[in-house]
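Structural description and commentary
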Amino acid sequence: MKNLMLIYNARLIDRDTDKKNSAVLIEENKIIGFPTKETVKEFLKNPSKNTSLYDAKGAVVMPAFIDTHAHFRDPGQTQKEDIISGCKAAARGGFGTLVLMPNTSPVISSEKDALLNNKKAKDSCLADVIQSVSITKNFDGQTISHLEKLNAKNVPVITEDGKEVANASVMLQAMKIAAKKKLIVSCHCEDPILAQEAKPLRTKALTALKKGNKAEAIKLLQEANKLLAIAEDTLTMRNIRLAEEAGCHLHLCHVSTERCIQAVLESRARGNKNLTFEVTPHHLGLSTEKKENLFHIVNPPLRSESDRKALIEALIDGTATCIATDHAPHTSEDKANGAPGFSGSETAFATCCTTLVHENGMSLKKLSSLMSASPANLLGLKNKGLLQEGFIADLTIVDPDAVWTVHGEDFASRGKYTPLEGKKVTGKILATIHNGKIVFEA
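Everything in this summary refers to the structure shown in the same document. (Residues numbered from 1 in each chain as written. Predicted model: local features only at pLDDT ≥ 70, side-chain atom pairs only at ≥ 80, totals over all residues. Heavy atoms only, no water.)

Glancing now at the environment of D326. Tracing the backbone through its elements, the reader meets D326 in the loop between β14 (322-323) and α10 (332-336). The sequence separation of D326 and T355 amounts to 29 residues, and the corresponding C-alpha distance is 17 Å. Once residues lying within four places of it in the same chain are set aside, the contact partners of D326 are D67, H69, H71, H254, T280, H282, N299 and F342. (Helix = DSSP H or I, 4+ residues; strand = E, 2+ residues; numbered from the N terminus. Contact = heavy atoms within 4.5 Å.)

Here it is in structure tokens:
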């Protein structure tokens, strides 16, 4: 006899649905139906031994979120995160599927190594991962022959995330291979030379801060951020032009400036239908209008308030494709030394719910689309991202109105640093179901 799970007293929300006082029935790892109130009453009167009951108590049931951009640091940097700790963090954040970046040690540059990480996650039974592969072998900036061996069904995404392919000719050739093999080219758009010039400015800023010269530190970080904005804008324009020539699907990682959004719109106006981009929760919720935020080092940096508002508008009007965390955990020591990035899986929904839903009037249906249906469509996941019969039972149960205070020490992630430390946010993950089983419950 197959195992069943009935979730009732729920508000069901996905891209296409918003139904109160509803229920969803799961058999093994799939959604098999949405029982009527009368059917639910029968289940409750005569519960069978093989049926588990979950009273949502009016909470919202959504498809589990799908993250197109996360770093689990496995192999080689597992003091920061590994597949298991990353999947635990994902489950606490409501995520069921995540695309992992290849900037590990060694760099993941083969399908074989990518599938090893996929299997580690599968064995954890906490979340699924799709391990991406580097554009150039071992990030050497030149070698792309390994791309010819990739099967897009196993490795749908290639990326040099964490850096950029500096040589435009190499990138163009890689994009042509990607077009032929139907691979998504996910780009960390950042001019390497300008990025290198920004590093010493950040180092000097941290030194100034340690010496108590906060004003000087702010000035240096503003200078660095200006360089990094130019770095993002120029390489975004270059990569768009190369992708148009190659005819590949270009996905822009963590877009953070208004100029990049404009570059996307211009390319689409030229007829480019293979251009998508993601926005991170931290670029939506934080800006450098509060100068304290300059000290939350991340690549790309937190931007101006006008950039932040442009990103929000791009999500609201449909210009942006999806929301991605860029979950990038570090040890406390590495963060103290200026390592860019921070943990984001466990605060992503709350940040987006606070910023987009409560502050900017976005519907939960739209937010679900951006965090579930749209990334599922981007990645070709035909049985995830919606509440539909036959779909995998990856679900998250949330209270969109619950207020809570963020404390990094409570994270399941090994990276405890968060720019939201001590801040109150609205929107809480109550439970996450992966493959029909509860993997997190608050």
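After that view of the structure, there is still more to cover.
The next point concerns helix α3 (residues 111-124). Across its 14 residues, α3 extends 20 Å between first and last C-alpha, which sits within 8% of the 20 Å expected from 1.5 Å per residue. Among all positions in α3, only E111, A114, N117, N118, A121 and S124 are buried. One side of α3 carries all its buried residues, which in axial view fall inside an arc of 145°. Opposite its buried face, α3 presents the exposed residues K112 and K122, each directed more than 90 degrees away. Residues of α3 that are buried sit in contact with α2 (83-92), β8 (128-131) and β9 (133-134). Positive backbone phi, at 60°, marks C125, one or two positions downstream of α3. (Expected span 1.5 Å × (residues − 1). Buried < 20%, exposed > 50% of the residue type's maximum accessible area, 1.4 Å probe, protein only. Arc of directions from axis to C-beta.)

Relative to the 16 Å expected for twelve residues at 1.5 Å per residue, helix α7 (residues 258-269) spans 17 Å between its end C-alpha atoms, a close match to the ideal helical length. Listing the buried residues of α7 in full gives C260, I261, A263, V264 and S267. Down the axis of α7, the sector holding all buried residues measures 155°, keeping them to one side. Those residues of α7 that are exposed and aimed more than 90 degrees away from the buried face are R259 and A269. Against α6 (214-246), β12 (249-252), β13 (275-279) and α9 (305-316) lie the buried residues of α7. Backbone geometry just downstream of α7 places G271 in the positive-phi region, at approximately 105°.

All chains considered together, the criterion is met by three aromatic pairs. With a centroid separation of 5.5 Å and 70° between ring planes, the pair formed by F65 and F95 is classed as edge-to-face. In this pair, F65 is assigned in strand β6 (residues 65-70) and F95 in strand β7 (residues 95-100), connecting sequence segments 30 residues apart. Like F95, F65 is buried. One aromatic cluster is present, formed by F65, F95 and F349 through successive ring pairs. Taking NZ or CZ as reference, K335 lies 4.7 Å from the ring centre of Y417, over its face. (Phe/Tyr/Trp six-rings, centres within 6.5 Å; stacked < 30°, edge-to-face > 60°. Lys NZ or Arg CZ within 6 Å of the ring centre and 35° of its normal.)

A word on the sheet that holds β7. Spatially, the three strands line up as an open sheet ordered β6-β7-β8, and their pairing is parallel. Looking at the sheet topology across the chains shown, the edges are occupied by β6 and β8. Across the sheet, the mean angle from the axis of one strand to that of its neighbour is 20°, orientation sign disregarded. As paired elements, β6 and β7 share four bridges and run parallel to each other. From the neighbouring strand, I66 faces β7, where its bridge partner is T97. (Pairing = 2+ DSSP bridges. Axes fitted to C-alpha atoms, helices over the stretch in contact; angles between N-to-C directions.)

Before going further, it helps to examine the packing of helix α11 (residues 348-358) against helix α12 (residues 364-379). Where α11 meets α12, the closest approach of the two axes is 11 Å, and the angle between their N-to-C directions is 135°. Judged by the inter-axis angle, α11 sits oblique to α12. With respect to the hand of their crossing, α11 and α12 are arranged in right-handed fashion. Of α12, the residues touching α11 (which contributes A348, F349, C352, C353, L356 and V357) are L364, L367 and M371. Here the residues of the contact of α11 with α12 sort into nine nonpolar, no polar and no charged. (Parallel < 35°, antiparallel > 145°, perpendicular 65-115°, else oblique. Left-handed = near helix turned anticlockwise from the far one by under 90°. Nonpolar A, V, L, I, M, F, W, Y, C, P; charged D, E, K, R; others polar.)

Turning to unusual backbone geometry, a few remarks are in order. Cis geometry marks the peptide bond from S105 to P106; its omega dihedral reads 5°. Examined against the element boundaries, P106 turns out to sit in the loop between β7 and α3. Residue P300 is reached from N299 by a cis peptide bond, and omega for that bond is -10°. On the secondary structure map, P300 appears in the loop between α8 (281-285) and α9. Its identity as a non-glycine residue notwithstanding, N9 has a phi of 55°, on the positive side. Relative to the elements of secondary structure, N9 occurs in strand β1 (residues 4-13). For N9, a relative accessible area of 38% corresponds to the partly exposed category. At H254, a residue that is not glycine, the phi angle is positive and equals roughly 30°. If you trace the backbone, H254 turns up in the loop between β12 and α7. Note on H254: relative accessible area 3%, which makes it buried.

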